[in-house]
Structures are given as C-alpha cells and as structure tokens.
Amino acid sequence: MHNWARYLIFFQYIGTKYRGVVKVPLEQQGKKGVQDHLEEAIQRLRPNNLVSLSVSSRTDTGVHALSNSAHFDLQRKNDKPPFTEDVLVQALNFHLKEEQIRVTHAHRVPDDFHARFRAQSRTYVYRIALGVPHHTLLPLTDWNLCWSLRDTELDIEAMREAAALLIGTHDFSSFRAVNSDLPFKNPVKTLDAVAVQPGSSFAHSHFHRQLQFWELAFRSRSFLYKQVRRMTGALVAAGQGLLSVSQVKQILDARDTLAYPQGVVAPAQGLFLKSVDYKESGE
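Residues numbered from 1 in each chain as written. Predicted model: local features only at pLDDT ≥ 70, side-chain atom pairs only at ≥ 80, totals over all residues. Heavy atoms only, no water.

Draft legend 1. Up close: the pairing of strand E5 (residues 121-130). With ten of its ten residues buried, E5 lies for the most part within the structure. Along E5, one buried face is formed by Ser121, Thr123, Val125, Arg127 and Ala129 and the opposite face, lined by Arg122, Tyr124, Tyr126, Ile128 and Leu130, is buried too. As paired strands, E5 and strand E10 (residues 271-277) are joined by six bridges and run antiparallel to one another. For Thr123, the partnering residue across the bridge sits in E10 and is Ser275. Across nine bridges, the pairing between E5 and strand E9 (residues 212-220) is antiparallel. (Buried < 20%, exposed > 50% of the residue type's maximum accessible area, 1.4 Å probe, protein only. Helix = DSSP H or I, 4+ residues; strand = E, 2+ residues; numbered from the N terminus. Pairing = 2+ DSSP bridges.)

Written as structure tokens, this is what we have:
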C-alpha cells in the first residue's frame, strides 16, 4: 500500500516524571511510560491503523535519554501519502505539548527494519557531581540529572583500572539485577568501551559554585537489566576506596548476582542513554 510507511524515530526525554520508557499496562495506575505519550501523539495524527512502537532500548524510571529510538508503522486515511520525515517530527512534537519528550528526527525505513534488533551499539553516560553535601546545593539545571556525592575527590586511576577489567566479553551475571527476564537472558555481553572522563555542570558558565563533574561512558551492543548502574556503582566505590580493584574483579569473576555488594548500585537519575547507533542510517 503506497500510503503505508514504517518510520524510525529518535527521541529524547527527561525521565524523572515517567515510569521508564516502555508502555505501562492499563491496570497499573499512576505515572505513564514515555512510549505511552509517544503513541498518544501518533494517534492524534489520526492514522488508519492502531500504532504500536517498538522501542530499541529500555530505560527505567528516572533514567534519561539524549537519544533513544523506536520504529512504528503508520497508514494515513483517505489514501493520503505518507508524512514526510520533517512534517512527522514537527507534528509529533506539537502533540507532545508540555511533556519532557522531544522527537529529534525521523527516517523512512524498509518494512522489515527493527529498531531494537538492527541496533549495532548503545552508549550510556553516567554523570557524577562531587563535593555536594546536599542535593539542594545543585543548580536547577542538574537537579535529578546527576548523582551528587559528598566526596570532594575520587581515585580516578583506581576507577580506570577497575573499568579496564570490564572491557571485553564476560559473563556479567554479577552486574545484573533480578527481574522476570533473568532465566531467559544470556549474561554474556561484550563491553566495547568504558571511559572515566571529566564532565561539567549544564550551567557551568553561570553557576556561582565550582562543582566538579565526572562522566562514565559505556558502549556495548546491548546491556543486562541495571548493568550500567551496577557497573557505575562498583567503579565509584573503587574511587571512594570502598572496593579495591581486585574486589571489583572478584565480583565480575563470581558470575553471581548475589556477589554484588548491597548499597552500591548507582541511582537512576545520573544515567543517560546517549545514543543508539545503526549502520544502515548512519546514526
């Protein structure tokens, strides 16, 4: 059908007010997922079909995205031609109104394209602010957008040494949280890159206090449930001297969820899905 089209969209969101990215079941009241709001915006375009998004990368409550992606099929009524990519982006953002969600761009893709399975890699960035005795001392532009620590410094070399242990193909069972998918997911993943690098406040040019920020970046084709937050927590613990580099290796080698120490997981608000990369679209 000439008026039927499959689109790949890229979108960003501040995850604080949403119950993760994926659709929330109707029987569960309260916060909606980002997918709920995107599908509502698409339905306001009055398509001939009931639209359902396939989101490429799942993020939890409170986690943000600079660029996530999803595909969906859309057929216009009355034999109208498919929306152009630019018009689709503008229309969706108009219908999203005040939601903290923005569609950044869209691509027409083949009918067999799948946003999740065609993704070649995903990159996450975790933001940390140092020397913050209470989170109310953060600038508003970083509120709920980083992990604020009382520590004024971290042992960055220890963090980088521990991070190097995680690079490559490993059984990451110790770094995944328990959920319903646990028996069905292969815990062996290949972590292509980990970086511990200086960051900055989103308001660094204008804020009256000099805050030191660090960013941890992780790139892999896919990740296990809460793997990035658990890896981040272990690396920060190494930077604080709470874990030694050898203890981080012991946790990895244990290949056991229960081997991960309690109270170390990094909180959701500092985590950003930075990008989902596809060879086909050049994104």
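Draft legend 2. How the structure looks around the packing of helix H1 (residues 34-43) against helix H2 (residues 85-96). Packing of H1 against H2 brings their axes to within 9 Å, and their N-to-C directions diverge by 115°. In terms of axis orientation, H1 runs roughly perpendicular to H2. Pair H1 / H2 crosses with right-handed handedness. Counted together, His37, Leu38, Ala41 and Ile42 of H1 and Leu92, His95 and Leu96 of H2 form the full contact between these two elements. Of the residues assigned to the contact of H1 with H2, the class counts are five nonpolar, two polar and no charged. (Axes fitted to C-alpha atoms, helices over the stretch in contact; angles between N-to-C directions. Parallel < 35°, antiparallel > 145°, perpendicular 65-115°, else oblique. Left-handed = near helix turned anticlockwise from the far one by under 90°. Contact = heavy atoms within 4.5 Å. Nonpolar A, V, L, I, M, F, W, Y, C, P; charged D, E, K, R; others polar.)

Draft legend 3. Up close: H1. A large share of H1 lies buried, amounting to eight of its ten residues. Looking at the buried positions of H1, the neighbouring elements they touch are strand E1 (4-13), strand E2 (54-55), strand E3 (64-75), H2 and strand E4 (101-109).

Draft legend 4. Spotlight on the side chain of Asn3. Looking at where Asn3 falls in the secondary structure, it is placed in the segment before E1. By relative accessible area, which is 3% here, Asn3 ends up buried. When neighbours within four sequence positions are excluded, Asn3 is seen to be in contact with Leu74, Gln75, Arg76, Asp79, Lys80 and Pro82.

Draft legend 5. Layout of the pattern of salt bridges. Applying the stated rule across the entire model yields nine salt bridges. With a closest N to O distance of 2.6 Å, Glu40 and Lys32 form a salt bridge. You can call Lys32 partly exposed: its relative accessible area is 35%. Where Arg160 meets Glu157, a salt bridge forms, and the shortest distance between an N and an O atom there is 3.6 Å. Taken together, the positions of Arg160 and Glu157, both in helix H3 (residues 156-166) and three residues apart, correspond to about one turn of that helix. For Arg160, a relative accessible area of 34% gives the class partly exposed. Residue class for Glu157 comes out exposed when judged on its relative accessible area of 54%. Through salt bridges with shared partners, one network takes in Lys23, Asp36 and Glu39. (Salt bridge = Lys/Arg side-chain N within 4 Å of Asp/Glu carboxyl O.)

Draft legend 6. Seen up close, the packing of aromatic side chains. Applying the stated rule across the entire model yields nine aromatic pairs. Relative to Tyr13, the ring of Phe11 lies with its centre 5.9 Å away and its plane at 25°, an arrangement referred to as stacked. For the residue pair Phe11 and Tyr13, the accessibility class agrees, reading buried in each case. Ring centres of Phe202 and Phe272 lie 6.4 Å apart, and the angle between their planes is 80°; on these two criteria the pair is classed as edge-to-face. Residue Phe202 is located in the loop between strand E8 (188-199) and E9, and its partner Phe272 is located in strand E10; the two are separated by 70 residues in the primary sequence. In this structure Phe272 comes out as buried when scored by relative accessible area, which is 4%. Members of the aromatic cluster, joined through ring pairs, are Phe10, Phe113 and Tyr278. Sitting over the ring of Phe83, Arg76 keeps its end group 3.9 Å from the ring centre. A cation over an aromatic ring shows up here: Arg230 above the ring of Tyr260, its NZ or CZ 4.3 Å from the ring centre. (Phe/Tyr/Trp six-rings, centres within 6.5 Å; stacked < 30°, edge-to-face > 60°. Lys NZ or Arg CZ within 6 Å of the ring centre and 35° of its normal.)

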